[in-house]
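# Notes for the structure review
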Amino acid sequence: MTPSGKPGKKSVMLNPEPDGKLKDCFLSLSSEAKELYLNDTVPVLDAIPSPLQFYRDWVAPNKPVIFRGAVKKWPAIKKWTIKYLREKIGEKHVSVAVTPNGYADAPQGEYFVMPEERNMIFKDFLDIMENPDSQPGVFYIQKQNSNFTEEFPEILGDAATDVPWFSEALGKEPDAVNFWMGDHRAVTSMHKDHYENIYCVVSGYKDFILLPPSDTPWIPYKSYAAGVYKETNPGKFVIEEDAETGVVPWVCIDPLKPDLNAYPQYKHSSPVHCRVHAGDALYLPSLWYHHVRQSHGCIAVNFWYDMEYDVKYNYYKFIQNLCWKEVEL
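For the structure given in this document, a descriptive report is provided here.

### Quick notes on the packing of helix 4 (residues 82–89) against helix 5 (residues 122–130)
Running from amino to carboxyl end, helix 4 crosses helix 5 at an angle of 165°, the nearest separation of the two axes being 9 Å. The pairing of helix 4 with helix 5 is recorded here as roughly antiparallel in orientation. Judged by the sense of rotation from one axis to the other, the crossing of helix 4 with helix 5 is left-handed. Touching Ile82, Leu85, Arg86 and Ile89 of helix 4 are Phe122, Lys123, Leu126, Asp127, Met129 and Glu130, all from helix 5. Class assignment of the residues belonging to the contact of helix 4 with helix 5 gives a composition of 6 nonpolar, no polar and 4 charged.

### Section: the packing of helix 1 (residues 20–36) against helix 8 (residues 311–323)
For the pair helix 1 and helix 8, the least separation of the axes is 11 Å and the interaxial angle reads 145°. At the point where helix 1 passes helix 8, the crossing takes the left-handed sense. Of helix 8, the residues touching helix 1 (which contributes Leu22, Phe26 and Leu29) are Ile319, Leu322 and Cys323. Residues of the contact of helix 1 with helix 8, tallied by class, amount to 6 nonpolar, no polar and no charged.

### A look at the pairing of strand 12 (residues 187–191)
A large share of strand 12 lies buried, amounting to 5 of its 5 residues. Across 2 bridges, strand 6 (residues 103–104) lies against strand 12 in parallel orientation. Bridged to Tyr103 within strand 12 is Val187. Direction of pairing for strand 12 relative to strand 20 (residues 289–294): antiparallel, over a ladder of 2 bridges. Considered in strand 20, the bridge of Thr188 is made with Val292.

### Let's talk about the sheet that holds strand 5 (residues 93–99)
Taken in spatial order, the 9 strands of this open sheet run 3-4-19-13-21-11-10-5-9, and their pairing is mixed. Edge positions in the open sheet fall to strand 3 (44–45) and strand 9 (116–121), since each of these has one partner strand only. Where strand 13 (residues 195–203) and strand 19 (residues 281–284) come together, 4 bridges link them in antiparallel fashion. Considered in strand 19, the bridge of Ile198 is made with Tyr283.

### Side note on the state of the cysteines
Enumeration over the complete set of coordinates arrives at 0 disulfides. Unpaired in this structure, Cys252 has its nearest cysteine sulfur neighbour in Cys323, at a distance of 12 Å. Not engaged in a disulfide, the cysteine Cys274 finds its nearest cysteine sulfur in Cys298; these two sulfurs lie 13 Å apart. Overall, Cys274 belongs to the buried group, its relative accessible area being 11%.

The rules behind each value
Residues numbered from 1 in each chain as written. Predicted model: local features only at pLDDT ≥ 70, side-chain atom pairs only at ≥ 80, totals over all residues. Heavy atoms only, no water. Axes fitted to C-alpha atoms, helices over the stretch in contact; angles between N-to-C directions. Helix = DSSP H or I, 4+ residues; strand = E, 2+ residues; numbered from the N terminus. Parallel < 35°, antiparallel > 145°, perpendicular 65-115°, else oblique. Left-handed = near helix turned anticlockwise from the far one by under 90°. Contact = heavy atoms within 4.5 Å. Nonpolar A, V, L, I, M, F, W, Y, C, P; charged D, E, K, R; others polar. Buried < 20%, exposed > 50% of the residue type's maximum accessible area, 1.4 Å probe, protein only. Pairing = 2+ DSSP bridges. Disulfide = S-S within 2.5 Å.

Structure follows, in structure tokens:
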């Protein structure tokens, strides 16, 4: 895998390890967050609370929680086998992300690389899920443009277009509903979203690494030239620079094997790990950093609700502005 161009500028670290009084203040922030409201693990509840109780206990304090069996009554839980999906929508054309290594929308060298987007017949994608070695590359349906409602209307009735108790708690409908299915090698690199997210697993499981917004000073970012994977020959991918997208700031540490020599500030972070099983739903609060892996062929549907840009967001941006400064590497 080789780049077909070179970045137009040197790599820039956006938030080097803080020092002095500022570092002391950030350490106090992290320590107090853990003492006052954060949990060492992601709580698992067997019952869904009322919308008001959910908002009070989880949305207002911005804390993740898993609801066991939240979507176990969806027909999709039993229906969405490969056989059913092939018979129901096998002839449909769908958008599939293809990468050489499973990392789409992730740093690769000096680039932030996006996947090659392929328009595929769904049954061909399902064939690859059943026999992943039949094609070079890692295949993942992961387009985050409300692809569930846009590309899969035939099976909407097997799941849902919103989560009623979640919508009532937030007082709004989802901005997007996304369908996810892919190879166990597909990884979502660490990032955060400006959404309240309810992530529902239909089959298999998802593994999350979560870090709270109060860890912002300890999560390193770099600026990357944007690129896109392109398969030029079977199994041979190059990175084509995407000048239109330009420079992308992105988390530059892999939480699975963090390089503490390069990014020593990460040792002060407080990651929590959780597994979300079929039928369960994870409430992933806005601005929480997350890294995601999955079992092979895992299917999930998530619902994005726009966050409130209130004092929580103001404080987050204040902390980010205090710790961010450009340092050429």
